[in-house]
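Residues per chain are reported as follows:
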Amino acid sequence: SSNSPLAPRAVAPAPSSCGPMPKRRGPQCDVAAFDSILDGVRSIYMTKVRPLEEQSLVQHFHYPLLADCDFEARPMVLLVGQYSVGKTS
C-alpha cells in the first residue's frame, strides 16, 4: 500500500527561485583607525566586553578582568608531553 508511513516518498526538488546567499556584514568599526590588530582587540574589549563583565560581576566567580598589561604581555606557551619526546628542542 502506497499510503504506508514507511513507504518511500518522492522528495520535491528545491525551487530554482532561491535567491543568492545573503552577504556578510562588514566590520562594525573602522578597521583603519587601529594601528595594529592588538589595539583593535584591546579597544573592543575595553568598550564592549569589559562593561558587560563588570555588570555581571565575572571577576567575583570566574576570572579577573583583563587590564592593559594583559594585552601588552608576551604570550606564554606550555608544552605538555611524555618524558624524552623533544619538548625543549
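For clarity, every value in this text was computed on a predicted model and none was experimentally measured. (Residues numbered from 1 in each chain as written. Predicted model: local features only at pLDDT ≥ 70, side-chain atom pairs only at ≥ 80, totals over all residues. Heavy atoms only, no water.)

**Quick word on the overall build of the chain**
Phase 1: Across its full length, the chain holds three helices and zero strands.
Phase 2: Ordered by position from N to C terminus, the α and β elements of the chain give α-α-α.
Phase 3: Within the chain, buried positions represent 8% of all 89 residues.
Phase 4: Surface accessibility of the chain: about 8800 Å² in total, with carbon and sulfur atoms responsible for 60%. (Helix = DSSP H or I, 4+ residues; strand = E, 2+ residues; numbered from the N terminus. Buried < 20%, exposed > 50% of the residue type's maximum accessible area, 1.4 Å probe, protein only. Areas by Shrake-Rupley, 256 points an atom, 1.4 Å probe, with all protein chains shown as cover.)

**What about the side chain of glutamate 53?**
Phase 1: Following the sequence through the fold, glutamate 53 ends up in helix 1 (residues 37-55).
Phase 2: Here glutamate 53 occupies a buried position and makes no salt bridge, while the nearest side chain of opposite charge, arginine 50, is found at 6.3 Å. (Lys, Arg positive; Asp, Glu negative; His and termini not counted. Salt bridge = Lys/Arg side-chain N within 4 Å of Asp/Glu carboxyl O.)

**Considering helix 1**
Phase 1: A rise of 1.5 Å per residue sets the reference length of helix 1, with its 19 residues, at 27 Å; its end C-alpha atoms lie 26 Å apart and thus fit the reference within 8%.
Phase 2: Of all the positions in helix 1, only Gly40, Arg42, Tyr45 and Glu53 are classed as buried.
Phase 3: Tucked into the core, helix 1 has its buried residues touching helix 2 (58-61) and helix 3 (68-72).
Phase 4: Where helix 1 terminates, the next one or two residues include leucine 57, which has phi positive at roughly 55°. (Expected span 1.5 Å × (residues − 1). Contact = heavy atoms within 4.5 Å.)

**Observations concerning the pattern of salt bridges**
Phase 1: Counted under the stated rule, the structure contains four salt bridges.
Phase 2: Notably, a salt bridge pairs arginine 42 with aspartate 39, separated by 3.5 Å at the nearest N-O pair. Placement of both arginine 42 and aspartate 39 in helix 1 is noted, with a separation of three residues, approximately one turn of the helix.
Phase 3: A salt bridge links glutamate 54 to arginine 50; the nearest nitrogen and oxygen atoms lie 3.0 Å apart. Of this pair, glutamate 54 and arginine 50 both sit in helix 1, four residues apart, which is roughly one turn of the helix.
Phase 4: Through salt bridges with shared partners, a single ionic network connects Asp39, Arg42, Asp68 and Glu72.

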